[in-house]
Amino acid sequence: MSEKQQLVILGATGSIGLNTLDVVARNTQQFSVFALAAGKNAKKMAELCIAHQPRYGVMATQSAAKQLSLYLSNTPCKTQIMHGEQAMSELCGHPEVDAVMSAIVGAAGLLPTLSAVEAGKKVLLANKESLVMSGQLFIDKVKQHKATLLPIDSEHNAIFQCLPYSLQNAQGDQHLQSHGVSKILLTGSGGPFLTRDINTLKDVTIAEAVAHPNWSMGQKISVDSATMMNKGLEFIEAKWLFNCDPSDIDVVIHPQSIIHSMVQYHDGSILAQMGNPDMRTPIAHALAYPERINAGVKPLNFSDISDFSFTKPDFSRYPNLQLAIDACSAGQGATTTVNAANEIAVSAFLNGEIGFTDIYTINAQTLEAATYTNVQSLDEILECDRLARLSASQFITKVTH
Ligand code: NAD
Ligand code: MG
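Computed from a prediction, not measured in an experiment: that's the story for all the values here. (Residues numbered from 1 in each chain as written. Chains lettered and ligands numbered in written order. Predicted model: local features only at pLDDT ≥ 70, side-chain atom pairs only at ≥ 80, totals over all residues.)

1. What to know about helix H7 (residues 154-162)
Point 1. For H7, the buried fraction is high: eight of the nine residues fall into the buried class.
Point 2. By the burial criterion, the buried members of H7 are Ser154, Glu155, His156, Asn157, Ala158, Ile159, Phe160 and Cys162. (Buried ≥ 20, exposed ≤ 12 C-beta atoms within 10 Å, placed from the backbone. Helix = DSSP H or I, 4+ residues; strand = E, 2+ residues; numbered from the N terminus.)

What follows is the structure, given as C-alpha cells:
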C-alpha cells in the first residue's frame, strides 16, 4: 500500500475544494487524490480530473456525470465517473481512503460527511452546515467510530491550534473550563456592511453582498458573512467542536481578519492564531496535522498592518447573529431549523426574489412557526430540515406577492 494519504475531496470545484487541490499540488509526495466530488460544474471537474488524475470523479446528477464523460472522452484521463449522493458516501467510506475534505456547501454535505465519520476517517470539516444541523448525533458518531475531526473553518482551526494538545482531539469528552480555558473568543470581520448606514441595508444588491473585504469565498458563505449568520453558524459549530456552553463563547469584531480567533485561559493568557486571510493555512494545517507543510501562503508582515482593531458586534445591524446564538441555546430543533431556513432565504436572495434584510425576516418567521418536538435521530433531523425548508419557502412566497 502506498504511504501517501489518499484523499476524497467533496465540493472539489468550489472555493475550499480548489484551495485544497492547490495545497495538495504543492505536497504531492505526501498526498494523492483518490476521488473528487462536485455538484454540476462538469467543465471545471474535467479540468481537475485531467490535472489530478483521481481514481473516481463523482457529480451530483446523472446529467452532470454524462457531461463530464463527454469532456473527458478524447483525453487520456482514466478517472472513473459516477454520480449521486450514494456514490459520494460510498467513496468516503472506501477502505483505501485516509482523509475526506468535507467542502460541499449546505445540508447536501451531511450524508457523505457522516459516511466518512462512520468509516472512522480523518474528516476535514469545512461544511459547517452539516455539524450545525446534526450537532450531538455528529459528535457521538465521531466518538463511536473513532474518527478524527479537524476544523477547516479558519476560526475553529485557529481555536484548535490555541487549545492544549490534550483537548484538541477530545470532541465531546472534556470540558474546556476544567483544562484552564475561560473563554473562546470567536473573531469575525463584520463583513462588507460593518459601517454602512443601517437604514440602507434593505437596498443591498447581490454584487455588494458577495464582495467580502478580506476573503474570497463561495456565494452562500459570502452572503452569510454579510448578514453575520456565518458567525452565528460558527458559534453553534464551536459549541459542538469544543464541547462548550454558549456562555463560554464571545464574538469579537476584528475587521482586518489577521487574528483568526483566540483562546483565553484562567491565568489571564490569551493565545491567538494569526496570519494573512488565506484558507490554504487551515487546510494545510488539517491535512498535515500534527506536522506542518508548505501552503503557499504569503507570510504576514507586521509592518504592513496599519490598523488592528476590535469591537463588540451590534446586534441591530446583525440580527441573524442573535437569532443563531439564541437557537444554539434553544437546542437541536432550533439549530436545524435556522440552518435550513437560512439556506432557502439566501438562495432566494441570490435569485433576486427577496431583499437582503428579508433574509432575517424569513429566518425569524420560520423559527417562530416551527413546531418540532424531538430532533435527535437522523430521520428526525432530516424531517426537521425538510419542514423548515417548506415553511421558509412559504414565507418567501408571502414576501414576493
Ligand atoms: P462554493 O460554493 O465555492 O463550493 C461549493 C462546492 O459544493 C462546489 O464544488 C459545488 O459543486 C459543490 N456542491 C454543491 N452542491 C452539491 C451537491 N448536492 N453534491 C455535491 N457537491 C455539491 O462554496 P465554498 O466557499 O467552497 O464553501 C464550501 C463549504 O465550506 C461551505 O459549507 C462553507 O460554509 C465552508 N467554508 C468555506 C470557506 C471559504 O473560505 N470558502 C471558509 C470556511 C468554511
Ligand atoms: Mg469562518
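From this point, things continue past the structure.
2. What to know about the site of ligand 1
Point 1. Taken together, 27 residues form the shell around ligand 1, and within it Gly11, Gly14, Gly39, Met217 and Gly218 come nearest.
Point 2. Broken down by secondary-structure element, the contributors of at least two residues to the shell around ligand 1 are helix H1 (15-25), strand S2 (31-38), helix H6 (128-144) and helix H10 (219-227).
Point 3. With three residues, H1 is the largest single contributor of residues to the shell around ligand 1.
Point 4. Grouping the constituent residues of the shell around ligand 1 by class yields 14 nonpolar, ten polar and three charged.
Point 5. For the shell around ligand 1, the domains that each give at least three residues are domain 1 (5-151) and domain 2 (154-277 + 302-320). (Near = placed C-beta within 6 Å. Nonpolar A, V, L, I, M, F, W, Y, C, P; charged D, E, K, R; others polar. Domains from an automatic or database assignment.)

3. Overview of the nonpolar core
Point 1. With 121 residues, the main nonpolar core has Ile9, Leu36, Met45, Leu124, Ala324 and Ala345 as its most contacted residues.
Point 2. For this core, the leading source of residues is helix H14 (residues 332-350), giving nine residues.
Point 3. Not counting residues up to four positions away in its chain, the partners in contact with Ile9 are Gly17, Thr20, Leu21, Val33, Leu36, Met101 and Ala103. (Core = buried A, V, L, I, M, F, W, Y, C linked by C-beta atoms within 7 Å. Contact = placed C-beta atoms within 7 Å.)

4. Side note on the pairing of S2
Point 1. Most of S2 is tucked away: seven of the eight residues are buried.
Point 2. Sheet analysis places strand S1 (residues 5-10) next to S2, joined by six bridges and oriented parallel. Within S2, the position partnered with Leu10 by the bridge is Ala37.
Point 3. Sheet analysis places S2 next to strand S3 (residues 56-59), joined by four bridges and oriented parallel. By the bridge assignment for S3, Ala35 is matched with Tyr56. (Pairing = 2+ DSSP bridges.)

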